[in-house]
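Listed below, chain by chain, are the residues.
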Amino acid sequence: QVQLVESGGGLVQAGGSLRLSCAASERTFSNYVMGWFRQAPGKEREFVAAIRGSGGRTSYADPVKGRFTISRDNAKNTVYLQMNSLKPEDTAVYYCAAGNRYYISSDANRYDYWGQGTQVTVSS
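To start, this report covers the structure provided alongside it. Computed from a predicted structure; not experimentally measured. (Residues numbered from 1 in each chain as written. Predicted model: local features only at pLDDT ≥ 70, side-chain atom pairs only at ≥ 80, totals over all residues. Heavy atoms only, no water.)

Take the packing of aromatic side chains next. Counting across every chain of the model gives six aromatic pairs. With centroids separated by 5.3 Å and ring planes inclined at 80°, the aromatic side chains of Phe37 and Tyr111 adopt a geometry described as edge-to-face. Taken together, the positions of Phe37 in strand E4 (residues 33-39) and Tyr111 in the loop between strand E9 (92-99) and strand E10 (113-114) put the pair 74 residues apart, joining distant regions of the chain. Just as Phe37 is buried, Tyr111 falls in that class too. Considering the side-chain rings of Phe37 and Trp114, the 5.0 Å spacing of their centres and the 55° angle between planes classify their relative orientation as tilted. Remark: Trp114 occurs in strand E10 and Phe37 occurs in strand E4; sequence separation between them is 77 residues. Judged by its relative accessible area of 1%, Phe37 is buried. Through a chain of ring-to-ring contacts, the aromatic side chains of Phe37, Phe47, Tyr111 and Trp114 assemble into a single cluster. (Phe/Tyr/Trp six-rings, centres within 6.5 Å; stacked < 30°, edge-to-face > 60°. Helix = DSSP H or I, 4+ residues; strand = E, 2+ residues; numbered from the N terminus. Buried < 20%, exposed > 50% of the residue type's maximum accessible area, 1.4 Å probe, protein only.)

This is the structure we're talking about:
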């Protein structure tokens, strides 16, 4: 069982930045693809970004490309999401997820473990 704990959410003005962190309990953290998803009120959960276990490959949803950066530190069992140029439409609960797989995926069903989520609110 992998436990994931997100942190770093909060309230920020449009154009600002936040960095989310997700700490994992798993010793073989580097074996896991890590993803970030988000869910806004009244909407379905959507893919944001993902990174391969080695960190060598990443993928982003179109709405966040060029603004968000996913990274990981396998020595610290932590994945990050740096969010710049934030917009009100980025407001959501952000979840990190771990998938025991090699290839990254934007499909939430391919992830095995989920964190509890952290709220990000962007004011206009």
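This part covers unusual backbone geometry. Positive phi is not limited to glycine here, since Asn77 has a value of about 55°. Phi is positive for Ser85, close to 50°, though the residue is something other than glycine. On the secondary structure map, Ser85 appears in the loop between strand E8 (78-83) and E9.

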